[in-house]
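# Descriptive analysis of the structure
If you want the building blocks of each chain, they are given just below.
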Amino acid sequence: MTPLEQAFMDENWGAPVRIETAKDHPTLIVAPENLLNISRRLKDDPKFHFDLLTDITAVDHLHRAPRFQVVYHLYSTRSARRVRVNLFLPSEQPSVDSVTPVWPAANWYERELFDLFGIHFRGHPNLKRLIMPGRWIGHPLRKDYPLGGEEVLFSHNRGQIEQQVIPWDQLEDEAEVYEEIDLDQAKTSGFIGTVPESETQVNPMRLDLNMGPQHPGTHGLLRLVLHLEGEVVRDVEPHIGYLHTGIEKSMERLSYPQALTMTDRADYVSNLNNNLAYCMAVENLLGLEIPLRAQYARVILNELERLASHMVWLAALSFDMGVMSAFFYCFELRERVLEIKNLCSGVRMMTSYITVGGLRMDLPNGFHEKVQNILEPFPDKIGELEKMLDDNPIWIRRLKGTGKLSPEEAIAWSVTGPPARASGIKWDLRKSNPYSCYDHFEFDLPLGSEGDNYDRYRVRMEEMRQSLRIIRQALDRLPGGAFRSDDRKVVLPPREELERSMEAVIHHFLISSDGFLVPPGEAYAAVEGPRGELGYYIHSDGGNKPYRVKIRDPSFAHAQAIPVMARGGMVADIIALIATIDPVLGGIDR
């Protein structure tokens, strides 16, 4: 029993609480009516101090009672410890208290569960659909929700599935309708927009402005409703769901090896980081040991992916700020990383090269030389980009002092990664919770002090240098030996075994056709992705397919925090803000 589990056992909760030992971290089973009180104690009690809400998800146990399991993942930034809180709700009218009074970041997580599972959160400040359109029928992540064509919505009526065909032009996004106004009258009064009935006096400077999803500065798939007073932003309402691809639903219908290919397509700018987080969660459930060579190779590949992702970020930021030269420089440098991915897997982006048990294939001939071709020129190239940008007065004026986020706000809204470190929070999972041998390497954590757009830019620039430092150490010390596990029930046997062993042929056939069985249980594994904490929660029922997969993408939390960073700024600052938090909409919508 770990010290944290012992602390939970010794605590007088004043309510029934069951402590379970999981393979990843302790789990508390609580009654729904006690959730709010226990959540406050977990956050406020100095013995625990779980100040950051990592994620909330749910599992639909269709043929069991109670049917719904709600899962809370909490993290302590003080002690670097995690805990999982589980509770169970009935099939009919599942309802539980909202934890937004304890962790404000629960807002979107609870709305997502309301939307996709139909779970009601009492006391939520704005409980409405988040991903699906406002009048969508049914809850897509329930196990009895069928798959169908694009024009078919499904409703559940007395246990029978009933098809409804509804023309798309009759669907209203979030059921929002803006009243038509007389433009001549609006010009006369100096007001363009709609006035809430609660306002007794027209504010001539008030304006509701729609930005995106087609706006290039919102990366094509994010919609922001800006509430302005002149050019000053008073509030922002982010709207997501325009890239909802149902990745989590699709993974539940695939075997574990097949589901790996879907992880490439969530945050499609950091494919290998997604591969690693998913594989770590599955390996945790399997109790699989990974050879040292594979762990070192995973570190090299993840840091190369971080370089490539940061180059896309800097290209987008430069483009949004009007610095076209830097845009072309960045994509030329990113191309070198894509060449290495292509060398390893034959694919430039969606490689699925990191697989359960290690690597799909050993590092190829020429790998060392290709990586050296990055290590040698990259520091100078980063310096050239800084000379191009740091001395640009427009660049500095657009970024310094805008989009500020305090350390307290970052924790409250579950902001992680570079944006959190830009606010002065010294926290990186590679240091606080090292995985895949990251504790074998020396590197520093760049920190900001103001938490503004400029600090977020500077932190990422320094991070690239630290990534190069890690890659150099890992490449110099790269051990020999196996590049994947030798567990033949999980990992495909090498080709030479197939020529002499019928048992190897049988294992190859079974894994290729049906995958492998994973013991029942649940596990959460997280990596330090280019945008922050990237985690995968997997619930296994003992079969060959994940019963439930939830992707904890950092862009989801960061998009929710946009209003916090935008209030009081100017309209033009919104573009820089979006670029510096570096959201990837594939990860947000999943």
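Anything mentioned here points back to the structure above.
The paragraphs below set out a description of the structure included in this document. Keep in mind that what you see is a predicted model, and the values were worked out from it rather than measured.

### Topic: the sheet that holds strand E16 (residues 532-540)
Sheet strands associate in pairs through backbone hydrogen bonding, adopting either a parallel or an antiparallel arrangement. Ordered in space as E15-E16-E17, the 3 strands form an open sheet in which the pairing is antiparallel. The outermost strands of the open sheet, each flanked by one partner alone, are strand E15 (521-529) and strand E17 (548-552). Averaged over neighbouring strand pairs, the angle between their axes works out to 10 degrees when direction is ignored. Where E15 and E16 come together, 9 bridges link them in antiparallel fashion. Bridged to Ala-525 within E16 is Tyr-536. Along the sheet face, helix H7 (residues 271-286) touches E15 and E16 and points at about 150 degrees away from the line of E15.

### Description of the packing of aromatic side chains
Scanning the model with the defined rule gives 14 aromatic pairs in all. Seen in terms of ring centroids, Tyr-296 and Phe-441 are 5.1 Å apart; in terms of plane orientation they differ by 75 degrees. Their pairing is edge-to-face. With Tyr-296 in helix H8 (residues 292-320) and Phe-441 in the loop between helix H15 (429-432) and helix H16 (453-477), this pair connects stretches of sequence that are 145 residues apart. Judged by relative accessible area, Tyr-296 falls into the buried class, the value being 6%. A centroid spacing of 5.6 Å and a plane angle of 50 degrees characterise the contact between Phe-319 and Phe-327, whose relative ring orientation is tilted. On the basis of relative accessibility, which here comes to 23%, the residue Phe-327 falls in the partly exposed class. Of the aromatic side chains, those joined through ring pairs into one cluster are Trp-313, Trp-395, Tyr-454 and Tyr-457. Directly above the ring of Tyr-547 sits Lys-143, whose terminal nitrogen or CZ lies 4.1 Å from the centroid.

Rules and cut-offs
- Residues numbered from 1 in each chain as written.
- Predicted model: local features only at pLDDT ≥ 70, side-chain atom pairs only at ≥ 80, totals over all residues.
- Heavy atoms only, no water.
- Pairing = 2+ DSSP bridges.
- Helix = DSSP H or I, 4+ residues; strand = E, 2+ residues; numbered from the N terminus.
- Axes fitted to C-alpha atoms, helices over the stretch in contact; angles between N-to-C directions.
- Contact = heavy atoms within 4.5 Å.
- Phe/Tyr/Trp six-rings, centres within 6.5 Å; stacked < 30°, edge-to-face > 60°.
- Buried < 20%, exposed > 50% of the residue type's maximum accessible area, 1.4 Å probe, protein only.
- Lys NZ or Arg CZ within 6 Å of the ring centre and 35° of its normal.

Worth remembering: the numbers are spatial, not functional.
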